[in-house]
Amino acid sequence: MVHDLKLGRSSVEPLPPKPHNLIPTWLIATLVILWLIVRDLEISFETLVYGVEDMAEYFSRYGQPDFTHLSRYLALMGVTLATALWGTMFALIAAFFLAPLAARNFTPHPTTYRIVREVLNFMRAMPDLLLALIFVAALGLGPLPGALALGVHTSGFLGKFFAESLERVDQSVCEGVAATGANFPQRVMYAGWPSILREASGYTLYILDRNVRMASVLGLVGAGGIGLALHDTLRLFDYGQSAALILVILATILIIDHASAWLRRRLT
Amino acid sequence: MPTISIRSVSKRFSNGFEALKGIDAEIRSGSFTVVLGPSGAGKSTLLRLVNGLETPTTGEICIGDETVNGRNLRHIRSRVAMIFQQFNLVDRLSVVTNVLTGRLAHRSWIGSVFYLFRKEDIDIAQEVLSRVALTDKAWSRADKLSGGQQQRVGIARALAQQPKVILADEPVASLDPISSEEIMILLREIRDQDGITVVVNLHQVELARRFADRIIGMNSGKIVFDGKPEHMTPSVLRTIYQREGIEDDPSLDMALAYA
């Protein structure tokens with residue numbers, strides 16, 4: 001038996017040389033870079049350790065949330081939700097018109113495709129916090145600049161998502177509609193959107209979900225809603241009210257998060 | 001009535017494959033022509049060129065006195081309908097909407113992008129659906145139908161265009177024998193009753209013999225036979241189905257013995 005095994009082994013071809021595994025190299029390089037950063041920026045973990053006690057003291061000030069103005073907070077949360085909803089609506093409308101131009105299989109011209117793709121990239125690259133600052137300066141305080149900022153930033157996202165879904169539409173479906181003589185808008189409406197309707201609704205819900213979270217923060221730069229109120233109470237060192245506001249925001253975000261996850265599951 | 005004229009057409013794809021090597025043919029209006037040949041002979045490419053889904057590398061194709069080119073595609077396609085092997089319906093849309101797609105070239109985009117159609121278009125859809133016997137499936141989603149039914153929707157869409165020519169690219173290749181028979185009879189009926197020119201790509205010799213007025217045999221991008229079905233002798237079949245570089249092909253003899 002042993003003899004046979006040996007014989008068998010010697011007649012089997014040796015394995016080809018093992019390919020190089022680059023993971024350890026990359027891991028070491030990453031660790032070295034992280035260490036260099038800590039050294040260079042003088043990030044001191046001792047401060048963190050010594051600071052724990054101070055931080056605990058600071059957080060304890062939020063211990064007694066003050067819900068006396070709850071109805072006002074809920075109204076403000078409503079404004080924030082409305083901001084997010086309108087921002088998403090702007091994005092949806094813009095993406096609806098831009099995405100087909102940015103999908104290789106639908107676009108009327110390769111140059112149009114290139115230009116619209118770049119426009120979408122640019123929109124995506126502008127952080128919404130920065131956009132909100134610009135719009136607040138231009139339009140004044142309130143929910144409108146917030147909605148615009150969210151709209152511009154997320155049009156870039158939705159436009160790209162939709163365009164990529166459109167590009168995955170089966171070529172045979174596109175040809176079936178094109179072969180009847182349908183023109184660009186007709187091809188988009190008959191071969192394009194119906195084929196990606198579910199996917200597109202899923203993306204839109206995800207963007208709405210994200211915009212609700214972001215709209216709460218945008219208030220901090222003056223774009224209305226509950227964020228603005230939180231900004232004010234924090235400035236006044238009113239920890240009770242701040243705590244209540246934070247809790248309202250957290251609860252809303254959790255609810256929206258679960259609702260949108262549930263809806264998206266239903267869609268797919 | 002338009003005649004399809006194919007004038008010294010060749011097609012080379014960007015990957016270098018030469019699908020058609022100089023094709024000349026006239027297809028009379030109101031005729032039922034079958035293009036027969038093995039897979040890869042260039043049958044599909046030929047049909048796609050006529051509908052403008054591909055553009056010829058050299059030569060030209062005319063429908064009546066109109067040359068197929070990029071500028072008149074919408075007009076050409078409104079008169080030259082196409083039926084596909086994989087039906088190419090929009091799965092998520094209802095049968096009726098798929099059929100109404102056939103009306104798009106006749107209407108501007110303004111109403112049609114909102115899925116609004118004129119009464120006359122709805123009437124046409126209703127009429128062609130009853131013709132392919134699918135009235136009861138009108139509101140079903142297209143992908144809920146069987147293959148044979150989906151192909152009938154494809155035919156209804158083509159009929160809704162009220163075309164002069166119907167091109168069918170392997171319309172029965174994905175169907176069972178019974179459905180294939182139904183589809184071929186339907187196509188033949190369309191030619192007989194409406195006088196629509198029908199060009200069908202097939203690879204089944206038996207179906208070609210039974211339904212065609214004229215058979216065009218193709219092999220590796222060239223026309224190797226053009227004539228009536230009764231002139232298609234075993235030796236002609238050998239030329240059509242001959243594989244390149246193989247002189248004595250036992251599997252060919254076997255296959256043709258049963259054709």
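Residues numbered from 1 in each chain as written. Chains lettered and ligands numbered in written order. Predicted model: local features only at pLDDT ≥ 70, side-chain atom pairs only at ≥ 80, totals over all residues. Heavy atoms only, no water.

Draft legend 1. Geometry of the overall build of chain B. Helix and strand content of chain B: ten helices and ten strands. The dimensions of chain B, computed from C-alpha atoms along their principal axes, are 60 × 40 × 35 Å. Per-residue burial for chain B yields a buried fraction of 54% across its 259 residues. Long-range pairs, those at least 24 residues apart, make up 68% of the contacts in chain B between residues at least 6 apart in sequence. Accessible area for chain B stands at about 11,600 Å²; split by element, carbon and sulfur atoms hold 52% of it. For chain B, the distance from the average position of its 32 positive side-chain charges to the average position of its 31 negative side-chain charges is 5 Å. (Helix = DSSP H or I, 4+ residues; strand = E, 2+ residues; numbered from the N terminus. Buried < 20%, exposed > 50% of the residue type's maximum accessible area, 1.4 Å probe, protein only. Contact = heavy atoms within 4.5 Å. Areas by Shrake-Rupley, 256 points an atom, 1.4 Å probe, with all protein chains shown as cover. Lys, Arg positive; Asp, Glu negative; His and termini not counted. Charge placed at Lys NZ, Arg CZ, Asp CG, Glu CD.)

Draft legend 2. Spotlight on the interface of chain B and chain A. With 29 residues of chain B in contact, the opposing surface of chain A contributes 19 residues. Summing both partners gives a buried area of about 2,000 Å² for chain B against chain A, and 57% of it is carried by carbon and sulfur. The largest contributions to the chain B side of the interface with chain A come from Asn88(B), Val90(B) and Arg92(B), which together make up 25% of the buried area. Where chain B touches chain A, the interface holds one salt bridge. Glu175(A) is paired through a salt bridge with Arg48(B); the nearest N and O atoms lie 2.6 Å apart. (Buried area = accessible area lost by both parts, 1.4 Å probe. Salt bridge = Lys/Arg side-chain N within 4 Å of Asp/Glu carboxyl O.)

Draft legend 3. Focus on the nonpolar core. With 85 residues, the main nonpolar core has Leu36(B), Val99(B), Ile155(B), Leu187(B), Leu202(B) and Met232(B) as its most contacted residues. With eight residues, helix H9 (residues 184-218) of chain A is the largest single contributor of residues to this core. Among all residues touching Val99(B), those that are not within four sequence positions of it are Ala125(B), Val128(B), Leu129(B), Val153(B), Ala156(B), Arg157(B) and Ala160(B). Formed by 27 residues, the second largest nonpolar core is a distinct cluster that contains Ile6(B), Leu20(B), Ala41(B) and Val165(B). (Core = buried A, V, L, I, M, F, W, Y, C linked by side-chain atoms within 4.5 Å.)

Draft legend 4. A look at the packing of aromatic side chains. One pass over the full model with this rule turns up twelve aromatic pairs over all chains. Ring geometry for Phe162(A) against Trp193(A): centres 5.5 Å apart, planes inclined by 85 degrees, an arrangement best described as edge-to-face. One end of the pair, Phe162(A), is in helix H7 (residues 143-167); the other, Trp193(A), is in helix H9, with 31 residues separating them in the sequence. For Phe162(A), a relative accessible area of 2% corresponds to the buried category. What makes Trp193(A) buried here is its relative accessible area of 9%. With a centroid separation of 4.7 Å and 45 degrees between ring planes, the pair formed by Tyr190(A) and Tyr115(B) is classed as tilted. Taken together, the residues span two chains, with Tyr190(A) in helix H9 and Tyr115(B) in the loop between helix H4 (109-112) and helix H5 (119-131). Overall, the relative accessible area of 32% leaves Tyr115(B) in the partly exposed class. Members of the aromatic cluster, connected to one another through ring pairs, are Tyr58(A), Phe59(A), Tyr62(A) and Tyr239(A). (Phe/Tyr/Trp six-rings, centres within 6.5 Å; stacked < 30°, edge-to-face > 60°.)

Draft legend 5. Just the pattern of salt bridges, in detail. Residue and element names in this part refer to chain B. If you walk through the whole model with that rule in mind, you get 30 salt bridges over all chains. With a shortest N-O distance of 3.0 Å, Glu60 and Arg7 are connected by a salt bridge. Of this pair, Glu60 sits in strand E4 (residues 58-63) while Arg7 sits in strand E1 (residues 4-12), and the two are 53 residues apart along the sequence. Take Arg7: its relative accessible area is 34%, and that puts it in the partly exposed class. Between Lys43 and Glu170 there is a salt bridge; the shortest N-O distance is 3.4 Å. Residue Lys43 is located in helix H1 (residues 43-51), and its partner Glu170 is located in the loop between strand E7 (165-168) and helix H7 (177-194); the two are separated by 127 residues in the primary sequence. For the pair Lys43 and Glu170, one class covers both residues: buried. Bridged by salt links that share partners, the residues Arg103, Arg107, Arg118, Glu120 and Asp121 form one connected network.

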